[in-house]
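# An overview of the molecular structure
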Amino acid sequence: MSAIIMDGKALAMKIRDGVKAKCNLLLEKGITPCLAVILVGNDPASLSYVKGKEKALAEAGMKSRDIRLFADTQEAALLSIIADLNKDESTHGILVQLPLPHHINEGNVIKAINPEKDVDCFTPVSVGNMVLGRKGFLPCTPSGVLALLREYNIPIAGSHVVVVGRSNIVGRPLANLLTTKEYNATVTLCHTGTYDISFHTRQADIVIAATGMPSLITPGMIKENAVVIDVGINRVSDPSAKKGYRLCGDVDPAVEEKASFFSPVPGGIGPMTIAMLIRNVAEAAGNSLNK
Ligand code: GUN
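Bear in mind that the values here come from a model prediction, so they are computed numbers and not experimental data.

## Overview of the overall build of the chain
Tallying secondary structure elements over the chain gives nine helices and eleven strands in all. Against the 2.2 N^0.38 benchmark of 19 Å for 291 residues, the chain shows a C-alpha radius of gyration of 19 Å, consistent with a compact globule. By principal-axis analysis of the C-alpha atoms, the chain measures approximately 55 × 40 × 35 Å. Looking at the chain as a whole, 48% of its 291 residues are labelled buried. Look at the contacts in the chain between residues 6 or more apart in sequence, and 71% of them connect residues 24 or more apart. Counting every atom, the chain has about 14,000 Å² of accessible surface; 55% of that belongs to carbon and sulfur. Positive and negative side-chain charges in the chain, numbering 30 and 28 respectively, have mean positions lying 3 Å apart.

## Considering the site of the ligand
The environment of the ligand is formed by K53, L95, V96, Q97, L98, D120, F122 and I169. Within the side chain of Q97, an N or O atom sits 3.3 Å from a nitrogen atom of the ligand. One of the side-chain nitrogen or oxygen atoms of D120 is found 2.7 Å away from a nitrogen atom of the ligand. Here the shell around the ligand is composed, by residue class, of five nonpolar, one polar and two charged.

## Side note on the sheet that holds strand β3 (residues 63-69)
Judged by pairing direction, the sheet is parallel, and its three strands sit side by side in the order β3-β2-β4 without closing on themselves. The open sheet is flanked by β3 and β4 (93-96), the only strands paired with a single partner. Geometrically, the sheet is characterised by an average inter-axis angle of 15 degrees between neighbouring strands, direction not taken into account. In this sheet, β4 lies alongside strand β2 (residues 34-40) in parallel orientation, the contact comprising four bridges. Counterpart to V37 in the pairing with β4 is L95. Across the sheet, helix α2 (residues 44-59) is in contact with β2, β3 and β4; its angle to β3 comes to roughly 160 degrees.

## Regarding α2
Across its 16 residues, α2 extends 23 Å between first and last C-alpha, which sits within 8% of the 22 Å expected from 1.5 Å per residue. Within α2, burial applies to A45, S46, V50, K53, E54, A56 and L57. Looking at the buried side of α2, the elements it contacts are α1 (8-28), β2, β3, β4, β9 (234-237) and α9 (269-289). Trailing α2 by a residue or two, G61 shows a phi angle of about 85 degrees, which is positive.

## Regarding the nonpolar core
Core analysis: the biggest nonpolar cluster contains 53 residues, and M62, L149, L178, I208 and I229 have the highest contact counts within it. Counting residues per element, this core draws most heavily on α9, at ten residues. Not counting residues up to four positions away in its chain, the partners in contact with L178 are L146, I156, V161, V163, Y183, N184, A185, V187 and I208.

## Examining a nonpolar patch on the surface
Together, Y49, I233 and L247 line one region of the surface with nonpolar side chains, adding up to about 230 Å² of accessible area. Looking at the secondary structure, you find L247 in strand β10 (residues 245-248).

## Thoughts on the sheet that holds strand β8 (residues 227-230)
Strand pairing in a sheet takes place through backbone hydrogen bonds and is either antiparallel or parallel in direction. Strand order in this open sheet of six strands is β1-β11-β8-β7-β5-β6, and the pairing throughout is parallel. Either end of the sheet is taken by a strand with one partner, and the two such strands are β1 (4-5) and β6 (186-190). Strand direction decides the pairing type here: β1 and strand β11 (residues 261-263), joined by two bridges, are parallel. Bridge pairing in β11 places I5 opposite F262. In the packing of helix α7 (residues 171-178) onto the sheet, contacts are made with β5 (160-164), β6 and β7 (206-209), and the angle to β6 comes to roughly 165 degrees.

## Here's the deal with the packing of α1 against α9
Running from N to C, α1 and α9 point in directions that differ by 15 degrees, and their axes come no closer than 8 Å. Relative to α9, the element α1 is oriented roughly parallel. The way α1 lies across α9 gives a crossing that is left-handed. On the side of α1, the interface is formed by G8, K9, L11, A12, I15, R16, V19, K22 and L26, while α9 contributes P271, M272, I274, A275, M276, I278, R279, A282, E283, A285, G286 and L289. A per-class count over the contact of α1 with α9 returns 14 nonpolar, two polar and five charged.

Conventions we followed
- Residues numbered from 1 in each chain as written.
- Predicted model: local features only at pLDDT ≥ 70, side-chain atom pairs only at ≥ 80, totals over all residues.
- Heavy atoms only, no water.
- Helix = DSSP H or I, 4+ residues; strand = E, 2+ residues; numbered from the N terminus.
- Rg over C-alpha atoms; globule rule 2.2 N^0.38 Å.
- Buried < 20%, exposed > 50% of the residue type's maximum accessible area, 1.4 Å probe, protein only.
- Contact = heavy atoms within 4.5 Å.
- Areas by Shrake-Rupley, 256 points an atom, 1.4 Å probe, with all protein chains shown as cover.
- Lys, Arg positive; Asp, Glu negative; His and termini not counted.
- Charge placed at Lys NZ, Arg CZ, Asp CG, Glu CD.
- Near = heavy atom within 4 Å.
- Polar contact = N/O pair within 3.5 Å; in protein donor to acceptor, adjacent residues only side chain to side chain.
- Nonpolar A, V, L, I, M, F, W, Y, C, P; charged D, E, K, R; others polar.
- Pairing = 2+ DSSP bridges.
- Axes fitted to C-alpha atoms, helices over the stretch in contact; angles between N-to-C directions.
- Expected span 1.5 Å × (residues − 1).
- Core = buried A, V, L, I, M, F, W, Y, C linked by side-chain atoms within 4.5 Å.
- Patch = residues over 30% accessible without salt bridge, like charges linked within 9 Å, V, L, I, M, F, W, Y side chains within 5 Å.
- Salt bridge = Lys/Arg side-chain N within 4 Å of Asp/Glu carboxyl O.
- Parallel < 35°, antiparallel > 145°, perpendicular 65-115°, else oblique.
- Left-handed = near helix turned anticlockwise from the far one by under 90°.

In short, shape yes, function no, at least from these values alone.
Given below as structure tokens:
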């Protein structure tokens with residue numbers, strides 16, 4: 001039997017429509033939600049993500065301040081731009097697209113963002129609030145995964161979820177959220193130091209792959225009727241493709257034959273990340289009203 005394909009694109013559009021309605025209310029009150037989007041350098045994948053985010057903002061009636069910086073921009077210059085944006089009342093959110101060039105210390109840059117404008121939930125304060133269950137923005141990709149699981153009524157409470165990948169952007173925050181009372185999952189977090197990933201994934205009710213390793217998760221690594229969420233977006237060279245590459249997830253699409261639900265790449269979590277981002281921007285703008 002073939003898995004039900006989880007349509008992240010459709011759910012993302014529904015969420016984006018809701019955000020647009022909220023945005024219209026803010027516009028009536030004289031507030032145009034605005035996200036500053038900073039891209040340092042010209043990594044093609046990052047540029048394409050950033051353009052996707054800016055397009056979604058525009059479609060929801062929001063503004064983006066598109067800040068493009070040369071790859072050799074100094075850390076001090078970037079910090080000074082962030083300091084200005086922190087002070088600017090018409091900018092409600094600040095997003096610095098990662099990764100940054102190696103000469104810039106990512107930790108210093110993230111720490112410089114005002115947590116009230118940290119719609120990515122990357123700053124130490126935001127992450128601390130999330131871990132402690134305090135008010136604050138939730139990280140976009142993890143909350144996109146959770147929203148997609150909910151949309152398909154996948155039981156999370158009591159389930160064994162195996163998250164593969166321990167990035168600060170996806171794996172670790174997601175594992176953390178899943179263990180809260182709200183979700184009540186039992187979580188195993190696998191990473192490059194895990195001796196036998198397959199031993200763990202074969203026991204999972206839900207496998208979430210966020211490793212950046214193309215097709216790492218194969219059908220033999222999951223149990224029959226598992227739910228499989230592919231978060232990876234990898235560019236693999238393909239001379240037969242028009243662009244010379246194709247997008248490929250962390251999961252071999254053949255798992256579709258064994259899984260009960262499958263969130264594929266593209267069309268699964270990617271659009272959900274963007275929907276959650278613009279939702280956070282609308283929330284940040286709304287918060288500015290109550291100050
Ligand atoms: N790089 C990869 N994913 C993300 C993301 O969600 N936000 C930012 N700022 N950078 C990223």
